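# Descriptive structure summary
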Amino acid sequence: GDSVTQMEGPVTLSEEAFLTINCTYTATGYPSLFWYVQYPGEGLQLLLKATKADDKGSNKGFEATYRKETTSFHLEKGSVQVSDSAVYFCALTDSWGKFQFGAGTQVVVTP
Amino acid sequence: EAGVAQSPRYKIIEKRQSVAFWCNPISGHATLYWYQQILGQGPKLLIQFQNNGVVDDSQLPKDRFSAERLKGVDSTLKIQPAKLEDSAVYLCASSLDGTSFSEQYFGPGTRLTVT
């Protein structure tokens, strides 16, 4: 079945550092890809999405490009802030709208 | 626009007891999801409703878990009897139409502790 694999955390960075969180997927068909973020004590929020190959999703300085050839959807941000500390989930939906989430990657940004 | 509402936020019960969670999705959203999120893991889909019909309940432990969606709006998830391994956060989400392009909006979750 479909699945998502993302790098394990925690990822600890200093403020203004470059962030990359790797995400790869296995799917039949053409899934849509998502990054969700969960801030401490809050529910999951959509960060960005891409619905077809070569699409780039972006939001709040974060970017991810749907790479069909490498089945990847890596999340990047050029300069992180303390407020970016959260757990980030990569996810995909199949053609029926069923979500598969990765295990999540905790990011800790220190001043 | 009001978000997805869930209650209670926290629940502590003993094993073999029963518990129920309630979810009110965003108005107009046809699709409602219940997820189980065990500490350190990503959310796992338990059941998906389209209006008041079940689309997918393949990962719902039907011997102890049940869910219903009343009149295609609110939903309840019940566990009876609870086991220690049911300790998790139970998330409710809704989307406009459940297609692969449709964003899911999540509620704050109910944290269940089974002792």
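Anyway, here's the lowdown on the structure attached to this text. (Residues numbered from 1 in each chain as written. Chains lettered and ligands numbered in written order. Predicted model: local features only at pLDDT ≥ 70, side-chain atom pairs only at ≥ 80, totals over all residues. Heavy atoms only, no water.)

## Thoughts on the sheet that holds strand β9 (residues 75-77) of chain A
Backbone-to-backbone hydrogen bonds join strands into a sheet, with any given pair of strands oriented parallel or antiparallel. Residues and elements named next belong to chain A. Note the following rule: Here the rule is simple: two strands pair whenever DSSP picks up at least two bridges between them. Secondary structure elements follow DSSP: runs of H or I no shorter than four residues count as helices, runs of E no shorter than two count as strands, and numbering proceeds from the N terminus. Note on definitions: angles span 0 to 180 degrees between N-to-C directions of axes, and those axes are lines fitted to C-alpha atoms, for helices only across the stretch in contact.
Spatially, four strands are ordered β3-β9-β8-β7 in an open sheet, and the strand pairing comes out antiparallel. Because the sheet does not close on itself, it has two edges, and the strands there are β3 (19-21) and β7 (56-59). Adjacent strand axes in the sheet meet at a mean angle of 15 degrees, parallel and antiparallel pairs treated alike. Here strand β8 (residues 62-65) runs beside β9; their pairing, made up of three bridges, is antiparallel. Considered in β9, the bridge of Ala64 is made with Leu75.

## Some thoughts on the interface of chain B and chain A
Cut-off, in case you're wondering: Every residue pair with non-hydrogen atoms within 4.5 Å of one another is taken to be in contact. What counts as a salt bridge is simple: a side-chain nitrogen of Lys or Arg found within 4 Å of a carboxyl oxygen of Asp or Glu. Residues adjacent in sequence count toward polar contacts only when both atoms are side-chain atoms; beyond that, a polar contact is any pair of N or O atoms within 3.5 Å, and within protein one must be able to donate a hydrogen and the other to accept it. All amino acids are sorted into three groups, where Ala, Val, Leu, Ile, Met, Phe, Trp, Tyr, Cys and Pro are nonpolar, Asp, Glu, Lys and Arg are charged, and the leftover types, Gly among them, are polar.
With 24 residues of chain B in contact, the opposing surface of chain A contributes 21 residues. Scanning the region where chain B abuts chain A turns up one salt bridge. Here Asp56 of chain B ties to Lys98 of chain A by a salt bridge, and the two come within 3.2 Å at their closest N and O atoms. Applying the counting criterion to the chain B and chain A interface returns two residue pairs in polar contact (both at pLDDT 80 or more). Put simply, the parts of the chain that give the side of chain B that touches chain A at least two residues each are β4 (31-37) and β5 (44-50) of chain B. The element that contributes the greatest number of residues to the side of chain B that touches chain A is β4 of chain B, accounting for three residues. A class-by-class count of the residues in the side of chain B that touches chain A yields eight nonpolar, 13 polar and three charged.

## Points about unusual backbone geometry
Residue and element names in this part refer to chain A. The cut-off we apply is this: Each residue's exposure class comes from its accessible area (1.4 Å probe, protein chains only) as a fraction of the maximum for that residue type: buried when under 20%, exposed when over 50%, partly exposed otherwise.
In this chain, Gly9 is followed by Pro10 through a cis amide linkage whose omega measures 0 degrees. Tracing the chain through its elements places Pro10 in the loop between β1 (3-6) and β2 (11-14). Phi is positive for Glu16, close to 80 degrees, though the residue is something other than glycine. Among the secondary structure elements, Glu16 is positioned in the loop between β2 and β3. Among the residues examined, Glu16 registers a relative accessible area of 61% and is labelled exposed. Backbone geometry places Lys60, a non-glycine residue, at a positive phi of 55 degrees.

## Re the side chain of Gln104 of chain B
Tracing the chain through its elements places Gln104 of chain B in the loop between β9 (88-95) and β10 (105-106). At 2.9 Å, the side chain of Gln104 of chain B and the side chain of Tyr35 of chain B are in polar contact. With near-sequence residues (within four places) excluded, Gln104 of chain B lies in contact with Tyr36, Gly97 and Phe99 of chain A together with Tyr33, Tyr35, Ala93, Ser94 and Ser95 of chain B.

## Concerning the state of the cysteines
Going by this rule: In this description, the term disulfide denotes a pair of cysteine sulfurs within 2.5 Å.
The tally for this structure, following the rule as stated, stands at two disulfides over all chains. Each disulfide pairs two cysteine sulfurs, and for Cys23 of chain A the partner residue is Cys90 of chain A, the sulfurs being separated by 1.9 Å. Residues Cys23 of chain A and Cys90 of chain A are joined through a disulfide that is left-handed, its torsion about the S-S bond being -70 degrees. With Cys23 of chain A in strand β4 (residues 23-26) and Cys90 of chain A in strand β10 (residues 86-93), the pair connects residues that are 67 residues apart, well separated along the chain. Across the pair, exposure class does not vary: Cys23 of chain A and Cys90 of chain A are buried alike. Note on cysteine connectivity: Cys23 of chain B is disulfide-linked to Cys92 of chain B, with sulfurs 1.9 Å apart. Its torsion about the S-S bond being -70 degrees, the disulfide of Cys23 of chain B and Cys92 of chain B is classed as left-handed. Here Cys92 of chain B lies in strand β9 and Cys23 of chain B lies in strand β3 (residues 19-24), a separation of 69 residues in the sequence. Taking the relative accessible area as the measure of exposure, Cys23 of chain B reaches 0% and is therefore buried.

Taken by themselves, the reported measurements are silent on function.
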